[in-house]
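Descriptive structure summary
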Amino acid sequence: MAIMLVQSITLLRRKWYETFLVIHIVFAILVVYALFRHTSFDGTKWNGYLWPMVAIWGFDRTVRLVRIAYCNLNVRTGKYFASTTSSTVKYCKDSDLAKIEMYPAQTTLVPRPGQFYYIYQPMSLKGWENHPFTLGAYNADCRMKNEGSQQRSKLIFYIRPYDGWTRRLRDQCCKTDGEVHPTLLLEGPYGHAAPVHTFDTVLMIVGGTGIASAVPYIIDHVSRASKPQTRTTRIRLIWSARQRGMYYQVFCDELAQILENPDISTTFFCTTDMSTSGRAFQGSVSEKIPKTGAVDTTKPLSTGIEFLPGRPHIRGTVMAEARAAQDSSTRLAVLACGPSPMADECRESVYEVMKGEYQDIEYYEEAFEW
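Parameters and conventions
- Residues numbered from 1 in each chain as written.
- Predicted model: local features only at pLDDT ≥ 70, side-chain atom pairs only at ≥ 80, totals over all residues.
- Heavy atoms only, no water.
- Core = buried A, V, L, I, M, F, W, Y, C linked by side-chain atoms within 4.5 Å.
- Buried < 20%, exposed > 50% of the residue type's maximum accessible area, 1.4 Å probe, protein only.
- Domains from an automatic or database assignment.
- Contact = heavy atoms within 4.5 Å.
- Phe/Tyr/Trp six-rings, centres within 6.5 Å; stacked < 30°, edge-to-face > 60°.
- Helix = DSSP H or I, 4+ residues; strand = E, 2+ residues; numbered from the N terminus.
- Pairing = 2+ DSSP bridges.
- Axes fitted to C-alpha atoms, helices over the stretch in contact; angles between N-to-C directions.
- UniProt positions renumbered as here; feature names shortened; annotations may be inferred.
- Right-handed = clockwise from strand over helix to strand, strands pointing away.
- Salt bridge = Lys/Arg side-chain N within 4 Å of Asp/Glu carboxyl O.

If you check an unreviewed UniProt entry, the protein chain appears there as FAD-binding FR-type domain-containing protein from Aspergillus chevalieri.

1. A closer look at the nonpolar core
Proteins that are soluble and globular tend to have nonpolar side chains buried together. Residues Ile100, Phe157, Trp239 and Phe251 are the most contacted members of the largest nonpolar core, which totals 57 residues. In this structure, this core is formed jointly by two domains, domain 2 (82-139 + 151-190) and domain 3 (196-273 + 303-365), each of which donates at least three residues. Dropping the residues within four chain positions of it, Ile100 is found in contact with Thr88, Val89, Ile119, Leu155, Ile156, Phe157, Ile159, Trp165, Leu169 and Leu184. Counting 21 residues, the second largest nonpolar core, distinct from the first, contains Phe269, Ala325, Ala343 and Ile361.

2. Quick notes on the packing of aromatic side chains
In this structure the tally under the stated criterion is 16 aromatic pairs. Taken together, a centroid distance of 5.8 Å and an interplanar angle of 80 degrees make the contact between Tyr117 and Phe157 edge-to-face. With Tyr117 in strand β5 (residues 115-120) and Phe157 in strand β8 (residues 150-159), the pair connects residues that are 40 residues apart, well separated along the chain. The same class applies to Tyr117 and to Phe157, which are both buried. For the pair Phe133 and Trp165, a centre-to-centre distance of 6.0 Å together with 40 degrees between the ring planes defines the contact as tilted. A residue pair is termed long-range when its members are at least 10 positions apart, and Phe133 in strand β6 (residues 130-134) and Trp165 in helix α5 (residues 165-174) qualify at 32 residues.

3. Describing the sheet that holds β5
Strand order across the open sheet formed by three strands is β6-β5-β10, with antiparallel pairing between neighbours. The outermost strands of the open sheet, each flanked by one partner alone, are β6 and β10 (185-191). Taking the axes of each pair of neighbouring strands and ignoring which way they run, one obtains an average angle of 25 degrees across the sheet. Helix α4 (residues 47-72) contacts β5, β6 and β10 of the sheet and is inclined by roughly 110 degrees relative to β10.

4. Remarks on the UniProt feature "transmembrane region" (unreviewed entry) in the protein chain
What UniProt calls "transmembrane region" (unreviewed entry) maps, in this numbering, to residues 16-36. Along residues 16-36 the backbone is 95% helical and 0% strand, and the end-to-end C-alpha distance reaches 30 Å.

5. As for the pairing of strand β16 (residues 332-337)
Walk down a regular strand and you will see the side chains alternate between the two sheet faces. Most of β16 is tucked away: six of the six residues are buried. Here β16 shows a buried face lined by Leu332, Val334 and Ala336 and a second buried face lined by Ala333, Leu335 and Cys337. Direction of pairing for strand β11 (residues 201-207) relative to β16: parallel, over a ladder of six bridges. When the bridges of β16 are listed, Val206 appears paired with Cys337. Pairing geometry for β16 and strand β17 (residues 361-365), over five bridges, is parallel. Along β17, the bridge assignment pairs Leu335 with Tyr364. Where the polypeptide runs from β16 across helix α9 (residues 340-355) and back to β17, its parallel neighbour, the crossover connection is right-handed.

6. Regarding the pairing of strand β4 (residues 97-103)
Buried residues dominate β4, accounting for seven of its seven residues. Two elements, strand β3 (residues 86-92) and β4, share seven bridges in a ladder whose sense is antiparallel. Bridge pairing in β4 places Lys90 opposite Lys99. Counting the residues in the hairpin turn of β3 and β4 gives four residues, including Asp96, whose phi is positive at 50 degrees.

7. Here's the deal with the pattern of salt bridges
Inspection of the entire model under this criterion finds 17 salt bridges. Across the pair Lys90 and Glu101 runs a salt bridge whose closest N-O atoms are separated by 4.0 Å. Of this pair, Lys90 sits in strand β3 while Glu101 is found in strand β4, placing the two residues 11 residues apart along the sequence. Since its relative accessible area comes to 29%, Lys90 is described here as partly exposed. We note a salt bridge from Arg315 to Glu352, for which the minimum N-O separation is 2.6 Å. Highlighted residues: Arg315 in helix α8 (residues 314-327) and Glu352 in helix α9, separated in sequence by 37 residues. A network of salt bridges, in which partner residues are shared, links Lys90, Lys99, Glu101 and Lys154.

Right, here's the structure in full:
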């Protein structure tokens, strides 16, 4: 028990998570077995206190296995008797970002903002590994041509490769010109959506892959606004990242048009570009960014998108939006997802606003690191 306690220190758990997980499970089994042995001197008198613990753990494992099967296997009558989850992984060296596109076999899964899923790669050497990833984007109405035009949801996840499984996935892509089709399994969804659609203005401040938390809310807003089922009339997205190429990898294909919605204004900060500090450019930036082959920079951008070098002034941005909302007697939601310093500054800025006279502001923070 003492070893398990020391091993659970946050620093050790983050640095060697897979080692922590295996040792933790093995030691937990040994502790339970030792408890049975320790109390065996008195027969089965104490077993009534131990078996419920085993039953709870076993029930949890069983439910997760059933959920994995439910999400990734769809059995039905007809020509296409059974279908499984299909996936595509693309890696871009210029943005150092991996993009996972998955089509769950289960058609009843409804993608929503705020969700996260566990992803498995069962055919790998460490097939038991599972990692939580925030749903970065989705299309709820995709047609699978090889399955009689069956409607499926398309789920998109954005991953920054580091160590372990994400690095191995990146290496697989690099060996095959940046794209692979591995066997991946989903477990989920988990999480819940913040009610940002009940606010007049939504300010989104995200850093790096934190954009994954913002895009689903933007997709949801576009869908709600067409019905209409939202109170929101304005969304301002502030996104900072190290590479401009990340923008093109996220907002491409079916996502290329969502930022052209008149309700949405976007400012992208490139933190590694300090050469043109203080200057902004809008519209088409294909001439400003060199072509890389992996990222298509030839497509024109919406005129509502502004590119700036350096880092965003978070406090000033929050204060300005709060003053504008107060002057117009509207409600403001602030959604943040980024590194700890960014989230801390955003939270402190909202708190400073709330200490003043303006109270119609809410702060929502999405997990950036798991």
